[in-house]
Amino acid sequence: MKQDKILVIDLGSTRNTYIAREIRELGVYTEIHPHDISTDELSKITNIKGIVLNGGENRVVDGVEIKPSEALMEAGLPILSVDFDGGMPWPKEECLRIQRMKEFVFDTCKAEPNWNMENFITEQVALIREQVGDGKVLLALSGGVDSSVVAALLIKAIGKQLTCVHVNHGLLRKGEPEEVIRVFREEMGANLVYVDAVDRFLDKLEGVADPEEKRLIIGSEFIRVFEDEARKLEDVKFLAQGTIYPDIIESGTKTVKAVKSHHNVGGLPEDLEFELVEPLKMLFKDEVRECGLALGLPRSMVFRQPFPGPGLGVRCIGAITRDRLEAVRESDAILREEFAMAGMEGKVWQYFTLVPEVKSVGVRDHKRSFEWPVVIRAVNTVDAMTATVERVPYDVLEIITHRITHEVKGVNRVLYDLTPKPVGTIEWE
Ligand code: XMP
């Protein structure tokens with residue numbers, strides 16, 4: 001069954017996702033699109049039942065007034081104009097607003113509440129088959145939640161036309177490449193190619209301290225590695241990616257500037273030879289997990305904590321060195337072990353360590369030491385747009401501190417980051 005859609009049009013509000021989610025929670029699928037969408041683009045979207053024009057604080061961008069395109073106004077679809085920029089409404093106002101939205105969606109647009117994962121998967125499987133035909137698809141399988149769910153979706157849609165490529169860029173967590181090989185090659189029977197590209201990445205990153213530059217290097221090097229693999233495989237036309245909705249929003253829209261570029265959105269090289277397949281790009285993180293479960297992936301995989309594409313590279317702050325990178329990897333392994341021992345695994349959304357580029361004085365074996373600190377970050381969130389800090393019990397922190405300062409080479413201090421998002425982001429870079 002085709003699912004009904006309501007389009008949320010971005011007229012300069014920073015709260016488009018809030019509206020989109022609110023309608024999805026009523027059981028109707030939504031997509032957010034820019035104000036200047038063309039007739040051609042609009043005609044490619046099926047089953048549109050109505051349009052919500054969402055105005056907000058960014059009404060004028062670079063001197064140009066943000067107005068809905070003619071295509072939208074002449075589409076002959078029901079239109080609701082709202083001005084929702086996130087100021088705290090009174091509960092009574094909020095009830096009225098939600099009531100108005102319900103009436104628009106169900107009475108005016110006559111949309112069916114048929115947004116559920118089964119329908120989403122059915123539609124995506126059809127879209128993937130239509131896009132790909134009998135072509136071959138390469139997937140960057142990092143082993144994180146997003147790429148694992150994409151792999152499962154693609155295996156369902158096109159089976160053996162998919163080749164998963166796992167690149168070890170040297171920025172993975174301890175034991176991760178081995179785990180990916182075991183789960184996907186051995187248990188799921190996927191077509192998996194393992195590429196050891198550790199030196200290639202670390203050589204390119206040598207001396208590069210700027211976070212955005214690091215991300216761009218990692219992103220473009222990633223694509224080049226795939227291009228090399230694709231050439232070996234012959235006739236690969238498509239590249240699948242686990243891009244999800246927050247990645248797209250944080251890379252900036254036409255009315256809101258980028259917070260930071262994500263490697264799988266902003267960093268593609270210009271000479272890219274692939275057409276992209278991104279079936280999760282309209283899903284929020286919690287919906288991606290739900291999709292994974294509906295596809296039959298094990299809970300342990302679906303609820304595994306997220307891991308950024310640039311990996312430990314953005315947690316080895318500043319210019320990456322091999323020894324400091326090892327300190328990140330080893331301290332992260334200890335943190336994960338101790339969280340599991342304390343029964344916190346799966347309860348905290350994301351937890352990791354990072355090592356900044358500073359040294360401090362300490363004392364070890366009656367001698368002066370001059371070594372790095374390890375910073376622990378542990379946060380909870382629903383969609384990664386905002387986050388609160390986990391209240392890790394002090395005794396757990398003490399055990400972790402003892403282990404890190406005694407087992408990790410070059411580390412003499414452990415700190416706990418108490419900053420929520422905002423003001424901080426989850427990662428430090
Ligand atoms: P921030 O630091 O933006 O992180 O609050 C939000 C979530 O996104 C992850 N993250 C990334 N994921 N490529 C990714 O695929 C990236 O460049 C990237 N940067 C951050 C981060 O780990 C957190 O879960």
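Up top you'll find the structure we're talking about.
Residues numbered from 1 in each chain as written. Predicted model: local features only at pLDDT ≥ 70, side-chain atom pairs only at ≥ 80, totals over all residues. Heavy atoms only, no water.

1. Concerning the overall build of the chain
Counting its secondary structure elements, the chain contains 15 helices and 16 strands. For 429 residues, the compact-globule formula gives about 22 Å, and the C-alpha radius of gyration of the chain, at 23 Å, lands near that figure. Projected onto the principal axes, the alpha-carbon positions of the chain cover approximately 80 × 55 × 45 Å. Taking all 429 residues of the chain together, the buried fraction comes to 54%. Sequence-distant contacts in the chain: of pairs separated by 6 or more residues, those separated by 24 or more amount to 77%. Surface exposure of the chain reaches about 20,300 Å², of which carbon and sulfur atoms provide 53%. (Helix = DSSP H or I, 4+ residues; strand = E, 2+ residues; numbered from the N terminus. Rg over C-alpha atoms; globule rule 2.2 N^0.38 Å. Buried < 20%, exposed > 50% of the residue type's maximum accessible area, 1.4 Å probe, protein only. Contact = heavy atoms within 4.5 Å. Areas by Shrake-Rupley, 256 points an atom, 1.4 Å probe, with all protein chains shown as cover.)

2. Examining the environment of W349
Along the chain, the position of W349 falls in the loop between α14 (322-341) and β12 (350-354). Along the chain, W349 and V379 lie 30 residues apart, while their C-alpha atoms are 6.0 Å from each other. Contact partners of W349, with chain neighbours within four places excluded, come to K285, R289, Q305, P306, V379, N380, T381, A384 and I426.

3. Here we look at helix α15 (residues 394-407)
Because the α-helix completes a turn every 3.6 residues, residues three or four places apart line up on one side. The end-to-end C-alpha distance of α15, which contains 14 residues, comes to 20 Å, matching closely the 20 Å that a straight helix rising 1.5 Å per residue would cover. Residues of α15 that are buried include every one of V396, L397, I400, R403, I404 and T405, and no others. (Expected span 1.5 Å × (residues − 1).)

4. Quick notes on the sheet that holds strand β10 (residues 236-240)
Sheet strands line up and pair through hydrogen bonds in the backbone, either parallel or antiparallel. If you trace the 5 strands from one edge of the open sheet to the other, you get β9-β8-β7-β10-β11, paired in parallel fashion. Two strands in the sheet have a free side with no partner beyond their single neighbour: β9 (192-196) and β11 (275-277). Sheet twist, expressed as the average angle between the axes of neighbouring strands with direction ignored, equals 30°. Note: strand β7 (residues 136-140) against β10, 4 bridges, orientation parallel. Counted as the bridge partner of K136 is V236 from β10. (Pairing = 2+ DSSP bridges. Axes fitted to C-alpha atoms, helices over the stretch in contact; angles between N-to-C directions.)

5. Section: the side chain of R21
Here R21 lies in helix α1 (residues 16-25). A residue is classified by how much of its surface remains accessible, and R21, at 16% relative accessible area, is buried.

The analysis is restricted to geometry; functional conclusions fall outside its scope.
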